[in-house]
Amino acid sequence: KQWYQRRVRAERSGLDLQSQFNLENITEYNTSSDNSETPMDTDSKEVTFLFYQTLWSIQDYFRNPNQISNDAHWKKMEDTVNEICRIFENYKHEGSCPVSNEEAYFAKFLTSERLLTLQISDSNFRRHILVQILTLFQYLTGDVKFKPNKLVLSEPRKFWIRDTTNKIYSILSDTPPEGDKFVQHIKSILKYEEKWSKWKNEGCPALSKSPDKTLQAKQKNLKRTVKAMDLSSEKFDMCNQTLSDLWNICPDNLAACQDSNRKFTPETFKFFEDAIEQLEPDSGVEKEYYLTNETAFVWRSLRLLARQSVPYFQHIQNTKNLTLTDNLQNIIMLIGKEYKKENGME
């Protein structure tokens, strides 16, 4: 599950594209013929050593389903599945298995005959066997590209698989805990497996939808119709009421840009007026409260001087003893003296 969540769904590497089976995955169990009719240590006399062999013999068909194309193997598989379903139905799972937050997963179960009575009472074991049978049925009835041509089911065999599938789902529903919920999960997984098999049959095409070429062509040829502006008219229609109102405030763009109301840059003296007063010897303002100590004010001052009063930069002294703030204070004091001189205030 974790591997699936971390891999790219459209990634083909690691996929069994030709539906090959691991024929070396052989399940070993006791095949001796001694005491085959002897009941195991259980309340049911039907759970015998013969059933033990029947139960584990089904694993060979999970390992290599293609051998079922042989009529003898089909008959054996059918009898084996019927016997397993019969015992599981008659040998009811009476106990309740506690629900745990920890996942229980077993890829393989031990095949000792001494464990059979415990295993057929275990919900996980029952589900393990029955889900394997459902997976086998889906392979037999499904459309698999590389499945042998001779593995074609007749109508009676298809009917038997449908009937047995319903019986297995009924057994799983009666198997605690949350049997009905487990059945719904299994049906959903098998449905997804069917779609995944179809994807492999089609050569694993990209899962992302390719763009519709017809739609792309229409969009490419689509031309937006724009209402032509009547330049001879005193008012312009911008196809939007708000834009039209803004545009018609001043139809002459050049005049609008030169409007005095759009000049937001302050005059040099007006901007430095407060700073000039602070730098006066008799102002009584302590140095720590000077505007020139504020970084934002220094930045705006340099921007304003660069825009309107570039000649003042020649008064900046590049010495180690004077900081940028000191140089700015000297320039501000010079601006104040020039303003007073020009206005006869000295």
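Here is a short report on the structure shown in this document. Model, not experiment: these values are computed from the prediction. (Residues numbered from 1 in each chain as written. Predicted model: local features only at pLDDT ≥ 70, side-chain atom pairs only at ≥ 80, totals over all residues. Heavy atoms only, no water.)

The first and last C-alpha atoms of helix H8 (residues 179-201) sit 33 Å apart over 23 residues, in line with the 33 Å expected at 1.5 Å per residue. For H8, the complete set of buried residues consists of Gly179, Phe182, Val183, Ile186, Leu190, Ser197, Trp199, Lys200 and Asn201. Here the buried face of H8 lies against helix H6 (123-141) and helix H7 (155-173). One or two positions beyond H8, positive phi appears at Gly203, with a value near 90°. (Helix = DSSP H or I, 4+ residues; strand = E, 2+ residues; numbered from the N terminus. Expected span 1.5 Å × (residues − 1). Buried < 20%, exposed > 50% of the residue type's maximum accessible area, 1.4 Å probe, protein only. Contact = heavy atoms within 4.5 Å.)

What follows deals with the packing of aromatic side chains. The full count for this structure, using the stated rule, is 11 aromatic pairs. Site record: aromatic cluster; members linked through ring pairs are Tyr29, Phe49 and Tyr52. The residue whose ring lies beneath Arg126 is Phe88, and the NZ or CZ to ring-centre distance is 4.9 Å. One Lys or Arg, Arg127, reaches over the ring of Phe182 and ends 4.2 Å from the middle of that ring. (Phe/Tyr/Trp six-rings, centres within 6.5 Å; stacked < 30°, edge-to-face > 60°. Lys NZ or Arg CZ within 6 Å of the ring centre and 35° of its normal.)

This part takes up the packing of helix H12 (residues 268-279) against helix H14 (residues 324-342). It is the contact of H12 with H14, at a shortest axis distance of 9 Å, that shows an interaxial angle of 105°. Our classification of the angle between H12 and H14 gives roughly perpendicular. Residue-level inspection shows Thr268, Phe269, Phe272, Ala275, Ile276 and Leu279 of H12 in contact with H14, the latter providing Gln329, Ile332, Met333, Ile335, Gly336 and Tyr339. Tallied by class, the residues present in the contact of H12 with H14 amount to nine nonpolar, three polar and no charged. (Axes fitted to C-alpha atoms, helices over the stretch in contact; angles between N-to-C directions. Parallel < 35°, antiparallel > 145°, perpendicular 65-115°, else oblique. Nonpolar A, V, L, I, M, F, W, Y, C, P; charged D, E, K, R; others polar.)

Judged by side-chain polarity, Leu243, Leu246 and Ile249 come together as a nonpolar surface patch covering roughly 330 Å² of accessible area. Within the secondary structure layout, Leu243 lies in helix H10 (residues 241-247). (Patch = residues over 30% accessible without salt bridge, like charges linked within 9 Å, V, L, I, M, F, W, Y side chains within 5 Å. Areas by Shrake-Rupley, 256 points an atom, 1.4 Å probe, with all protein chains shown as cover. Salt bridge = Lys/Arg side-chain N within 4 Å of Asp/Glu carboxyl O.)

Within the fold, Arg114 resides in the loop between helix H4 (71-90) and helix H5 (116-119). For Arg114 and Tyr52, which are 62 residues apart along the polypeptide, the C-alpha to C-alpha distance reads 9.7 Å.

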